[in-house]
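Working through the structure, step by step
The lines below spell out each chain.
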Amino acid sequence: MTPRLARTEWRAVGTTCAAAATASPGDGRRAERALTAARVEVEACEAELSRFRAGSDLSHLNASAGEWVAVGPRLLEALRLALRAREETGGAFDPTVLPALVAAGYDRSFEQLAERPAVRAEGWRPGAAIELDEAAGRARLEAGTAVDLGGIGKGYAATRALDAMRDAWPGLPGALVDLGGDLAVRGETPERGPWRIAVADPRRPGTTLGTLLLHGGGVATSGRDVRRFGPGGSLHHLIDPATGEPARPGPLAVTVVAPTVVEAEVHATALAISGAAEAVAHVAAHPRISGLYLPAAGGALPLGEPPLARTRVLVRAA
Amino acid sequence: MTRIWTVVLSVWAMLAIVAVLAWQSRPAPAPAQAAAQTLVVKTVNGKQQLVAVQPGALGAPHATTATSGVVRP
């Protein structure tokens, strides 16, 4: 009985989502249960973590900055991960860049954005305080600040969705969750090999830069090749916390491989506003991650040792 | 004379049959090798490398990572 990949796709978190499970022909109902669990979990995460949903816990928290607000366990955990990420990246990842992002023009769900000139966020500064009271299930933002969990929220949702699949089917041989290119994988593929993750080449749509081989963990890509807005599409959504404006240095796109998709997403965000030399140094200082950095012009730069499918080096040129 | 012609025709018929059988049982052409993809990478010291990737040995990817696009309603 040859295993196959049972798969479902849906639209959530502003992008296309997919979940897949390795299943033998007799596992149809169990696979179906696991796929449904992934979908339900992603939707539950979006209901708590989305800044675009007026009724979400995050929207309530942002609207009540300066006060303690009761929040759900998902938002509490995501905020804790975001604070840890800010510390680990020395502030290159900062969940409190939202006022700067809104000032730049990304003030509503991307598909509803209107074109208007960017302005600087008055009085905004990076590193605003986020207090968590985990015992009481509440959080408080520094007055005047607001949080965006966009990327890390997707990574967190993908991780939880993968856990939900395993909970729904404890014998699950292997699974993948893909939230718009943020991927979490675990276990075996139907071919009993590693998960094959293509890295899209933003310069040549439809082609890939290479294929990553993963037995578990996460992958995320961040870049300025999509989600452009403002006059003539001149702005992008990657805010540099050091300046409070869309970052100037940085690659067209960067892909990060890490033990978890949350880590991959956090470091991809940090590297997406870094120059090449800075990116190399960043990965050298974080040996758990590796990646592929694609500058606006020139060849792709491997960061660390990404698990690329490769056979041998053909040519070495000066 | 008739016997000679019979032998000649028989030989030609046999050769024709052998040719048809040989054509039918010819070995199938080897499947075309998938063209190796070449990945251009730049090393830390700025030098460029060309790295060969074997797509044929890999199979289709299970998923693709890219900067999250926007799904228009």
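Because the structure is a prediction, the values reported are computed rather than measured.

Glancing now at the overall build of chain A. A count of helices and strands for chain A gives 7 helices and 18 strands. The buried share of chain A, taken over its 318 residues, is 54%. Within chain A, residue pairs in contact and separated by at least 24 positions form 61% of the contacts whose partners lie at least 6 positions apart. Summed over all atoms, the accessible surface of chain A reaches about 13,300 Å², with 51% contributed by carbon and sulfur.

Residues and elements named next belong to chain A. Judged by pairing direction, the sheet is antiparallel, and its 3 strands sit side by side in the order β3-β5-β4 without closing on themselves. Since the sheet does not close on itself, it has two edges, and those belong to β3 (68-70) and β4 (130-133), each with one partner. Across the sheet, the axes of successive neighbouring strands diverge by a mean angle of 25°, strand direction being ignored. The pairing of β4 with strand β5 (residues 138-141) spans 4 bridges and is classified as antiparallel. Each residue of the ladder has a partner; that of Ile130, found in β5, is Leu141. Taken strand by strand, helix α3 (residues 73-88) contacts β4 and β5, and its axis lies near 135° from that of β4.

On to the environment of Ala66 of chain B, then. Its place among the elements puts Ala66 of chain B in the segment after β3 (63-65). Its relative accessible area of 26% is what places Ala66 of chain B among the partly exposed residues. When neighbours within four sequence positions are excluded, Ala66 of chain B is seen to be in contact with Gly180, Gly181, Ala200 and Thr221 of chain A.

Turning our eyes to something else, we now look at helix α1 (residues 28-49) of chain A. Residue and element names in this part refer to chain A. Here α1 spans 32 Å end to end across 22 residues, near enough to the 32 Å set by a 1.5 Å rise per residue. Every buried residue belonging to α1 is among Ala31, Ala34, Leu35, Ala37, Ala38, Glu41, Val42, Cys45, Glu46, Glu48 and Leu49, and all of these are buried. Among the structural elements, β1 (4-12), β2 (15-23), α2 (57-63), α3, α5 (150-168) and β6 (174-179) are those in contact with the buried residues of α1.

Moving on to the nonpolar core. All names here are of chain A. Leu61, Leu75, Leu79, Leu149, Ile152 and Met165 are the most contacted members of the largest nonpolar core, which totals 47 residues. Viewed by domain, this core spans two of them, domain 1 (4-47 + 152-315) and domain 2 (52-148), each represented by three or more residues. Other than its neighbours up to four places away in sequence, Met165 contacts Ala19, Ala20, Ala21, Ala34, Leu35, Ala37, Ala38, Leu172, Ala175, Leu176 and Val177. By size, the runner-up hydrophobic cluster in this structure holds 18 residues, among which are Val199, Leu212, Val219 and Ala300.

Time to look at the side chain of His286 of chain A. Residue and element names in this part refer to chain A. The topology assignment puts His286 in the loop between α7 (276-285) and β16 (290-294). Here the side chain of His286 touches His282 through a polar contact of 2.8 Å, landing on its backbone oxygen. Those residues within four positions of His286 in sequence are excluded, and the remaining contacts are Glu88 and His267.

Thresholds, definitions, all that
- Residues numbered from 1 in each chain as written.
- Chains lettered and ligands numbered in written order.
- Predicted model: local features only at pLDDT ≥ 70, side-chain atom pairs only at ≥ 80, totals over all residues.
- Heavy atoms only, no water.
- Helix = DSSP H or I, 4+ residues; strand = E, 2+ residues; numbered from the N terminus.
- Buried < 20%, exposed > 50% of the residue type's maximum accessible area, 1.4 Å probe, protein only.
- Contact = heavy atoms within 4.5 Å.
- Areas by Shrake-Rupley, 256 points an atom, 1.4 Å probe, with all protein chains shown as cover.
- Pairing = 2+ DSSP bridges.
- Axes fitted to C-alpha atoms, helices over the stretch in contact; angles between N-to-C directions.
- Expected span 1.5 Å × (residues − 1).
- Core = buried A, V, L, I, M, F, W, Y, C linked by side-chain atoms within 4.5 Å.
- Domains from an automatic or database assignment.
- Polar contact = N/O pair within 3.5 Å; in protein donor to acceptor, adjacent residues only side chain to side chain.

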